[in-house]
Amino acid sequence: MSGLPLVLAANAFDTFVQTLFKALALGSLYALLALGFVLIYKATQTVNFAQGALALAGTWFLSIIFMDWNVPGRWIGGPGWVHWFIALVLAAAATGGLGLVIERLTIRPMIGEPVFSMAVITLGLEVVVRVVAFDAVNTTPRVLGIPWGTETFKIGGAMVAWSYVAAIGMAAAAFLGTWQFFKTRTGVAMRATAFDQEAALAQGISVGRIFAIAWAVGSALAAISGIFASMPPWGPAGMASREGAFFAFRALPAVILGGLDSAIGALVGGLIIGFAEVFAGQYLARYTGVLGAGYQQVVPYVVMLICLLVRPYGLFGTKEIRRV
Amino acid sequence: MRGRPNFYTSYESESQLMPTTTKKVLLGLFLLVLVLMPFDLPVIDQIPFVRFLGENVWLRLINRTMTFAIAALGLNILMGLAGQISIGHTFFGGVGAYTAVLLGGKGSANLWGWGLPMWLWLPAAGVVAAVVGIAVAPAAVRVRGLYLGIVTLGLIFIGLHLSRVFPEIAGPGALGRKWPRMELRLWKEEEPILDFSRDGHWFWFDINKNQKTYLFLLVVLILMAWMAANLARSRTGRALQAIRDRDVAAEIMGVPEYRYKTTAFAISSFYAGIGGALFASLSVQLPPEQWGLIGAVNFIAALLIGGMGRVSGVLMGSFFVMTSHRFVEEIVDWMKHQVEEAGTFSALFDFFISTGRGDGGVVSVMETALGYPLPVSALDDIIFGLLIIFFLLFEPQGLYGIWIKIRNYWKGWPFSY
C-alpha cells in the first residue's frame, strides 16, 4: 500500500500536515483490521488468519451489491453516498453471515481443543476463502463505486484525500461502538469468556453463542476495513483486487504490538504502526538507496520485533500467568 | 527379549529405533523398493502404486517432495518436539537457498556468485541458516504461542524485503536467478566427478538426470531423517519434549529453556537451509516470492496432515502435501476424458465437470479459465485447504494416527482393544 505519491507540499510544515493525515488514515485502517483480530481473539483465544480473505470477500460483496445489483438505489432515491453506506452495511452483514457459517462449521467443534489447532484451521480457511474470492474477483475488474473517489481538499497548503477522513471516521465509529458493546450484557459475557471459558460456562454464559457473535462481528469488521483499504489513494484504487487478501497480514504487527487481547491495544498499536510506516516513508526517503525500495512496509515488523523484546505480550496484552 | 516384542527390560531397548526384526525387515524392503523405484525393473514395475511414481514426470515431483520433506523434518523438530510455533520456516529455506547461490552460483557484472563446488555450498547453506536461526532466537524465545507464530511470520516479510535490497544475490527481475546444479566437483575444474543433473551412464546402466537426482536426494533424505529420529531420543530431544509439554515444569527440573529453544531453532533452520538449497537447485530458477507465506503454510499443513512429532508422519505428510495437487489434477483429467468420450461414468461426472458455461458443473475443462466453473488449479487449492481443516477436525493425529489405528486393530485382533 504505497499511498499517495510523495507530493512535496510548498513548505516543511505543509508536508508534515499532509504526512500526519496520511499516517492517521493508515493507522486507522490498521486499527480497524486489528480490532477484527482482537475481537475474535478475545472470544476464541485464536488468531484468525482468514481475516484478509474475509476482507476480500467483503469488497466483492460490496461491488456485487452496490454496482451489479444497484441494491438500495433501485428502490429509494436520495443522494448516492447514502446508498453507498447502506450497501456497505449490507456487505458487512453478508460477510458477517459468512463468518457465522464458517464459525458454526469449523470453529465450534474445536471448543476446548488446543488454540494452535484452531489457528491452523483458520489458515486452512484462509486458503479456501482466498481462492474462492480470487476466482470471484478476477473475472472482471470490480469497481466499488466509492462516492468521494479520488477527491482531495486542502488544509493550508497540505493536500488531504477524503478517503483519509473517511477511514479515520470509520475507525473512530468502530472503536466507539466496540467500547459501548463491551459494556452491554453480551459484551460482559464476551469478556468473561475471554477470561475463562469454563468459568463462563458455569455462570450460564453460552460460549458457543459468544463465539458466533465474535466471528460475525470480526468478519464484518474485516469486510469494512477491506473496503476502506481499497480506496483510491491506497493500492487497488477503488477496485476489489487480489491485493486485498494480503493487506490484513500487514495489520498483524499492530495486533501484536498492542497485545492480542486488547481493543485499546489495537487502536494504539494500529496508530503507532501507521505513523511509523508513513513517517519512515516520508522522512527516510532520501536513504532509499540503502534501505531498499518499499522499505516502509518492513518498518511495522521491525517496530514489532523491538517492542516484543521489551514487552513479550505487547503494550496492553494480558500477561499469561504460567503455572506448573 | 526374543519373541516378545513389547516386553522391555531396559530404557535403551524401549527407545530403540528398530525394536523388532519385523520392523527391520519391512523397512529394509521398503528402502529397497524406494531405491529401485525409478528404474524399469520387471518386479518393481508390477507394484501398483510404485509403477507410475517411477515415470519421469512423477519422479521430478518426488524429487521436489524429498527436498520439501527435508525442510519439513526441521520444522518438526521445532514444532513437533519443542512445541514452538513457526510460520516463518520458508524464510530459513530462503536463507539456505541464497547462501547456496551466493557460494555456488555463477557471478556476473551485477550478480554475486563465487562458483564454489557443491560439497561447500550445501553444508554452508545449512550452517548459515542455522546461524541466522540462532540470531533470531533471542527475540523468538521471549515470546510464546501465537505471538511467536506472528513474529516468525514477520520474518518472511523482512526476508522478502531483503531480497529486494540485494538484487545482486536474489537476482534483478521477477524471475529470480539461476541456482548451481547438483554436481560434485573437487574445486572449480571443468568436468564434475559426479553429475546429478545430466543424463549419463553409471556402471552398465543408462541413467537419466531425474533418476540420478532421485538417488542423491534419497541418500540425503535418509541421512537427515535418521538424524532427526535419533535426535528425538537423545538428551536434547527429551529436553525439547519436556519444554513442549510444560516449559515452566521443565525449567524447574533443570532444563535450561533458553539454551534448548535456541538449539531447536538452530537445528530446524539447518534442515530448512539444506532443504531450501536443494529445492532451489532442483528448480533451477526461482523468484524470491517462492519463500513466502504460502510455502510456510504448506509446511505446517504437512506436519498436521502427517502427524506432528513423528519422522514417519512428517514424511507421509510431505508426500501428501506435495503430490495432492497432482493427484487432483489427474483425477479431474480422468473425469474429463470420461465425459468427453462418454465413458462408463460420464453421466455421473457430468454434474462435476463443466464443458461450457451454464451446465452446472463445478470444474471447468479449460486450463486457465477464471470465474465460476473453477479452473483445476483453484480446485486443488480449495481441496488442500479443506483437507487441513478436515484433518484437524476429525483426525488430529494425522496420517500417522490413522496408521496407528489400523496397526492396533490388527495387533489386538480379534479383540477391539
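Since the structure is predicted, the reported quantities are computational estimates derived from the model, not experimental observations.

Student: How would you sum up the overall build of chain A? Please name residues and give values.
Tutor: Assigned secondary structure in chain A consists of 14 helices and four strands. The globule rule puts the C-alpha radius of gyration for 324 residues at 20 Å, and the 20 Å found for chain A is close to it. Taking the principal axes of the C-alpha coordinates as reference, chain A spans close to 65 × 55 × 35 Å. The 324 residues of chain A split such that 53% are buried.

Student: Hey, could you go over the overall build of chain B for me, with residue numbers and the actual values?
Tutor: Regarding its fold elements, chain B presents 17 helices and 10 strands. Its C-alpha atoms give chain B a radius of gyration of 23 Å, near enough to 22 Å, the size a compact globule of 417 residues would have. With the C-alpha coordinates of chain B rotated into their principal frame, the extents come out at 70 × 70 × 55 Å. For chain B, long-range pairs separated by at least 24 residues make up 66% of all intrachain contacts whose partners lie at least 6 apart in sequence.

Student: Describe in detail helix α9 (residues 209-232) of chain B, supporting the description with residues and values.
Tutor: Residues and elements named next belong to chain B. For α9, which comprises 24 residues, the first-to-last C-alpha distance of 34 Å matches the rise-based estimate of 34 Å (1.5 Å per residue) to within 8%. The complete set of buried residues in α9 reads Asn210, Gln211, Lys212, Thr213, Tyr214, Phe216, Leu217, Leu221, Met224, Ala228 and Ala232. The elements touched by buried residues of α9 are α4 (56-81), β6 (200-202), β7 (205-207), α10 (235-245), α12 (257-283) and α14 (311-340).

Student: Residue-level account of the interface of chain A and chain B, with values.
Tutor: Taken together, the contacts link 39 residues of chain A with 38 residues of chain B. Within the residue set of the side of chain A that touches chain B, elements represented by two or more residues are α5 (115-137), α11 (252-258) and α14 (299-310) of chain A. Take the side of chain A that touches chain B: its biggest share by element is 14 residues, from α5(A). Tallied by class, residues from the side of chain A that touches chain B come to 27 nonpolar, eight polar and four charged.

Student: Hey, could you go over the packing of helix α6 (residues 162-181) of chain A against helix α9 (residues 207-229) of chain A for me, with residue numbers and the actual values?
Tutor: Residues and elements named next belong to chain A. Interhelical geometry of α6 versus α9 gives an angle of 165° and a closest axis separation of 10 Å. Judged on the interaxial angle alone, α9 and α6 are roughly antiparallel. Crossing of α6 over α9 shows left-handed handedness. Each of Ala166, Ala167, Met170 and Ala174 in α6 lies in contact with α9, whose residues at this interface are Leu221, Ile224 and Phe228. A class-by-class count of the residues in the contact of α6 with α9 yields seven nonpolar, no polar and no charged.

Student: Account for the domain arrangement of chain B, naming residues and giving values.
Tutor: Residue and element names in this part refer to chain B. Assigned domains of chain B: these are domain 1 (19-54), domain 2 (59-291) and domain 3 (310-417). Listed as interface residues are 11 residues of domain 2 and, on the opposing side, nine residues of domain 3. Elements with a contribution of two residues or more to the side of domain 2 that touches domain 3: α4 and α9. When its residues are assigned to classes, the side of domain 2 that touches domain 3 shows eight nonpolar, two polar and one charged.

Student: So what about the pairing of strand β2 (residues 111-114) of chain B? Which residues, and what values?
Tutor: Residue and element names in this part refer to chain B. Where strand β1 (residues 106-108) and β2 come together, two bridges link them in antiparallel fashion. By the bridge assignment, Ser108 is partnered in β2 with Leu111. Connecting β1 to the antiparallel partner β2 that follows it, the hairpin turn spans two residues.

Student: Before we move on, can you summarise the pairing of strand β3 (residues 158-161) of chain A with the specific residues and values?
Tutor: Residues and elements named next belong to chain A. Note that strand β2 (residues 152-155) and β3 share four bridges and pair antiparallel. Opposite Phe153, over in β3, you have Val160 as the bridge partner. In this structure, the hairpin formed by β2 and β3 is closed by a connection of two residues, where Gly156 is found at a positive phi of approximately 60°.

Student: Got a sec to walk through unusual backbone geometry? Specific residues and values, please.
Tutor: Residue and element names in this part refer to chain B. The omega torsion across Trp413 and Pro414 is 5°, close enough to zero to call that bond cis. Note that Pro414 resides in the segment after α17 (398-412). Positive phi, normally seen in glycine, also occurs at Val284, with a value near 65°. Residue position: Val284 is located in the loop between α12 and β8 (285-286). With 13 C-beta atoms counted inside 10 Å, the residue Val284 sits in the partly exposed group.

Student: Explain the environment of Tyr164(A) to me, using residue names and the numbers behind them.
Tutor: Residue and element names in this part refer to chain A. Position of Tyr164 among the secondary structure elements: in helix α6. Assessed through the 27 C-beta atoms surrounding it within 10 Å, Tyr164 is described here as buried. In this structure, the C-alpha to C-alpha distance between Tyr164 and Phe21, residues 143 residues apart in sequence, is 6.8 Å.

Student: A description of the confidence of the model for chain B should follow, citing residues and the corresponding values.
Tutor: Summary statistics for chain B give a mean pLDDT of 87 and a share of 94% for residues scoring 70 or more. For this predicted complex, the interface confidence score (ipTM) comes to 0.86, while the overall pTM stands at 0.90.

Student: Give me the lowdown on the confidence of the model for chain A, citing residues and values where you can.
Tutor: One rule of thumb: low pLDDT means the predicted coordinates there are not for detailed reading. Mean pLDDT over chain A stands at 86; residues scoring 70 or higher make up 95%. The model gives residues 1-5 of chain A a pLDDT under 50, and that stretch makes 12 contacts with residues more than four places away or in other chains.

What counts, and where the lines are drawn
Residues numbered from 1 in each chain as written. Chains lettered and ligands numbered in written order. Predicted model: local features only at pLDDT ≥ 70, side-chain atom pairs only at ≥ 80, totals over all residues. Helix = DSSP H or I, 4+ residues; strand = E, 2+ residues; numbered from the N terminus. Rg over C-alpha atoms; globule rule 2.2 N^0.38 Å. Buried ≥ 20, exposed ≤ 12 C-beta atoms within 10 Å, placed from the backbone. Contact = placed C-beta atoms within 7 Å. Expected span 1.5 Å × (residues − 1). Nonpolar A, V, L, I, M, F, W, Y, C, P; charged D, E, K, R; others polar. Axes fitted to C-alpha atoms, helices over the stretch in contact; angles between N-to-C directions. Parallel < 35°, antiparallel > 145°, perpendicular 65-115°, else oblique. Left-handed = near helix turned anticlockwise from the far one by under 90°. Domains from an automatic or database assignment. Pairing = 2+ DSSP bridges. pLDDT = per-residue confidence, 0-100.

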